[in-house]
Amino acid sequence: MKPREIKPEIYSVGAIDWDRRLFDSLIPLPDGTSYNSYLIKGSEKTILIDTVDPSMQDVLLNHLSELGVKSIDYVIANHAEQDHSGAIPQVLEKYPEAKVVCTPKCKGMLIDLLMIPEERFITVNDREAISLGDRTLEFVYAPWVHWPETMLTYLREDKMLFPCDFFGSHLATTDMYARDEGQVYEAAKRYYAEIMMPFRTSIQKNLEKVKGYAIDIIAPSHGPMYDKPEFILKAYHSWAFDEPKNIVVLPYVSMHGSTRKMVEYLVGALAERGVTVKQFDLAVTDIGKLAMALVDAATVVIGTPTVLVGPHPNVAYAAILANALRPNLKFISIIGSYSWGGKAVEQLAAMVPNLKVEILEPVLSKGFPKEADFKALDNLADTIAEKHKESGFA
Ligand code: FEO
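Reference entry: report on the structure contained in this document. Remember, it's a predicted structure, so these values are computed and weren't measured experimentally. (Residues numbered from 1 in each chain as written. Predicted model: local features only at pLDDT ≥ 70, side-chain atom pairs only at ≥ 80, totals over all residues. Heavy atoms only, no water.)

1. Here's the deal with a negative patch on the surface
As a reminder of what qualifies: Note that patches include only residues with greater than 30% relative accessible area and no salt bridge, and the join distances are 9 Å for like charges and 5 Å for nonpolar side chains (Val, Leu, Ile, Met, Phe, Trp, Tyr). Each accessible area value is a Shrake-Rupley result obtained with a 1.4 Å probe; residue values ignore everything except the protein chains displayed when judging cover. Salt bridge, as used here, is a side-chain nitrogen of Lys or Arg placed within 4 Å of a carboxyl oxygen of Asp or Glu. Charged residues are defined here as Lys and Arg on the positive side and Asp and Glu on the negative side; His and the ends of the chain fall outside this count. Lysine's charge is taken at NZ, arginine's at CZ, aspartate's at CG and glutamate's at CD. Helical segments are the DSSP runs of H or I of at least four residues, strand segments are the runs of E of at least two, and each set is numbered from the N terminus. When accessible area is computed with a 1.4 Å probe and restricted to protein chains, residues below 20% of their type maximum are described as buried, those above 50% as exposed, and intermediate ones as partly exposed.
A surface patch of negative charge is lined by Glu5, Glu9, Glu44, Asp134 and Glu157. As for its position among the elements, glutamate 9 is in the loop between β1 (4-7) and β2 (10-12). In this structure glutamate 9 comes out as partly exposed when scored by relative accessible area, which is 34%.

2. Observations concerning the state of the cysteines
Between two cysteines, a covalent bond joining their sulfur atoms is known as a disulfide. Short version of the rule: Criterion for a disulfide: a pair of cysteine sulfur atoms at a distance within 2.5 Å.
Considering all chains together, one arrives at zero disulfides under this definition. Between cysteine 102, a free cysteine, and cysteine 106, which holds the nearest cysteine sulfur, the sulfur-to-sulfur gap is 4.2 Å. Cysteine 106 sits in the buried class, given a relative accessible area of 0%.

3. Overview of the sheet that holds strand β13 (residues 136-141)
Put simply, the rule reads: We treat two strands as partners when DSSP finds at least two bridges between them.
Spatial ordering of the open sheet is given by β12-β13-β14-β15-β16, a layout of five strands whose pairing is mixed. One side of each edge strand has no neighbouring strand; the edge strands of this open sheet are β12 (129-131) and β16 (217-218). Of the pairings in the sheet, the one linking strand β15 (residues 160-162) to β16 comprises two bridges and is parallel in character. If you follow leucine 161 over to β16, its bridge partner there is isoleucine 218.

4. Describing helix α4 (residues 104-114)
Side chains of residues three or four places apart in an α-helix project in the same direction, reflecting 3.6 residues per turn. Note the cut-off: As used here, the arc belongs to the directions running from the helix axis to the C-beta atoms. The criterion used for residue contact is that any of the two residues' heavy atoms lie within 4.5 Å.
Of all the residues in α4, the buried ones are Cys106, Lys107, Leu110 and Leu114. Seen end-on, α4 carries its buried residues on one side only, within an arc spanning 105 degrees. Residues of α4 that are exposed and angled more than 90 degrees away from the buried face: Lys105 and Asp112. In this fold, the buried residues of α4 make contact with α2 (82-85), α3 (88-94), β10 (99-102) and β11 (121-123).

5. A look at the pairing of strand β7 (residues 38-41)
As defined by bridge partners, β2 adjoins β7 across three bridges and the pair is classed as antiparallel. Across the sheet, residue isoleucine 10 finds its bridge partner in β7, namely isoleucine 40. Two strands pair when backbone bridges link them, and β7 and strand β8 (residues 46-49) are joined in this way by four bridges, in the antiparallel orientation. Paired with tyrosine 38 across the two strands is isoleucine 49, which belongs to β8. Taking the residues between adjacent antiparallel strands as the criterion, β7 and β8 are bridged by four residues.

6. Here we look at the environment of valine 307
For valine 307, the position within the fold is in strand β20 (residues 306-307). When the C-alpha atoms of valine 307 and methionine 255 are compared, they prove to be 9.5 Å apart, with 52 residues separating the residues in sequence. Not counting residues within four places of it along the chain, the set of residues in contact with valine 307 comprises Met255 and His312.

7. Overview of helix α6 (residues 200-210)
Every buried residue of α6 is listed here: Ser202, Ile203, Gln204, Asn206, Leu207, Lys209 and Val210. Buried residues in α6 make contact with β13, β14 (151-155), β15, α5 (181-196) and α7 (230-241).

8. Some details on the environment of tyrosine 192
For tyrosine 192, the position within the fold is in helix α5. Separated by 23 residues in the primary sequence, tyrosine 192 and serine 169 place their C-alpha atoms 8.1 Å from one another. Dropping the residues within four chain positions of it, tyrosine 192 is found in contact with Met197, Arg200, Ile203, Tyr236, Trp239, Ala240 and Val295.

9. Re the packing of α5 against α7
Rules: Helix axes are fitted to C-alpha atoms over the stretch in contact, other axes to C-alpha atoms as well, and angles between N-to-C directions run from 0 to 180 degrees. Orientation labels follow simple angle bins: below 35 degrees gives roughly parallel, above 145 gives roughly antiparallel, 65 to 115 gives roughly perpendicular, and whatever is left gives oblique. Crossings are sorted by hand: turned counterclockwise from the far helix by less than a right angle, the near helix makes the crossing left-handed, and turned clockwise it makes it right-handed. Think of it as three bins: nonpolar holds Ala, Val, Leu, Ile, Met, Phe, Trp, Tyr, Cys and Pro, charged holds Asp, Glu, Lys and Arg, and polar takes everything else, Gly as well.
Viewed as axis vectors pointing N to C, α5 and α7 meet at an angle of 40 degrees, and their least axial separation amounts to 11 Å. With respect to each other, α5 and α7 are oriented oblique. When the axes of α5 and α7 are compared, the crossing they make is right-handed. In this structure, α5 contributes Glu181, Val184, Tyr185, Ala188, Lys189, Tyr191, Tyr192 and Met196 to the contact, and α7 contributes Phe231, Ile232, Ala235, Tyr236, Trp239 and Ala240. Here the residues of the contact of α5 with α7 are counted per class, giving twelve nonpolar, no polar and two charged.

10. Re the pattern of salt bridges
This structure, assessed with the given rule, holds 18 salt bridges. The partner of aspartate 126 in a salt bridge is lysine 209, with the nearest N and O atoms 3.0 Å apart. In this pair, aspartate 126 is assigned in the loop between β11 and β12 and lysine 209 in helix α6, connecting sequence segments 83 residues apart. Each member of the salt-bridge network shares a partner with another, and the members are Lys7, Arg135 and Asp158.

11. As for the sheet that holds β10
Spatially, the seven strands line up as an open sheet ordered β1-β2-β7-β8-β9-β10-β11, and their pairing is mixed. What marks the edges here is a single partner per strand, and that holds for β1 and β11. Going from strand to strand, the sheet's axes swing by 25 degrees on average, the running direction of each strand aside.

12. Digging into the packing of aromatic side chains
Defined as follows: Aromatic rings from Phe, Tyr and Trp, with only the six-membered ring used for Trp, were paired whenever their centres fell within 6.5 Å, and each pair was classed as stacked if the ring planes differed by under 30 degrees, edge-to-face if by over 60, and tilted otherwise.
In this structure the tally under the stated criterion is twelve aromatic pairs. With centroids separated by 4.1 Å and ring planes inclined at 20 degrees, the aromatic side chains of phenylalanine 166 and phenylalanine 167 adopt a geometry described as stacked. Taken as a pair, phenylalanine 166 and phenylalanine 167 share a single burial class, namely buried. For the pair tyrosine 226 and phenylalanine 231, a centre-to-centre distance of 6.1 Å together with 40 degrees between the ring planes defines the contact as tilted.

Set out below in structure tokens:
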């Protein structure tokens, strides 16, 4: 695809990665992604905002050539992670006069990660502005969205915000702007759950900070831009500020059917009590879907058989992941089966120290579940429904 003009002298020059299916060797990308980079030709200065993943550096460099860019004054690095910064060394090589503009923390990281020479940097303070002649860029520190060095760039005259990962989505699309709002909402929520949710308090602070700017267009560095910014601002506000909902997330593994029988029973019992349940078989689930479900859930019930005295390894993986993502959960419980004993409950509880949750009485069945186990699952469903009601989630 050719570079695209967004407005006079403002271009989208990044790359769409239709085929990428995994990020950080961890996060599934069912819809690919994009690494957006933006070129602004001011009357006096030409600047580039963020670059692209190193695997796509040729796309960026070709776009710059196609637009006849002879020199670049500043490369704005909003964020040091390599999917945006990784092509900076190649841009600096092609444009030897260019300086990298970033926060002091970002400078240190870019020197560490990419060995960019110190003399190529200009660091900026929070709210500092630079003039491009007819246009002005303002830099807005936004720490922990989602690394400590991050900043946003605001183009005053055009009321455009370039927030890098913030408000982004892993979505490959030819739409310049979010048009299929259902698809973009899903991709942006998945992105929030996987990348931003661990920093919910920082997200809240930075959402408040962004409120101080009049914004016509949000141009993130993944996924489509937003020419109706309230769509994504409202979504982020709800994900970051809302109380949990009357939802139980139930990730589980079953080896011979006992845990699965308990899961099925509990799902039915919760549904009868008006609680929404989202059930995930960890042997096959997309962990991005699980992360998204955790954004709104009040409770997690983990279903696991006992394997070698502990939880099933897939369950341990999901527990460690949930602990790292720090969802706004309030309650947790464990159900499952064992044959001769074990420490699945103790081990799982020790894996989630970040979750500030009340632990509800686990239900463990010796072998296939029997009447007393189903009674205990009914009690657990009663407790969850009551807790949700008392907390105002139902
Ligand atoms: Fe898209 Fe944090 O990099």
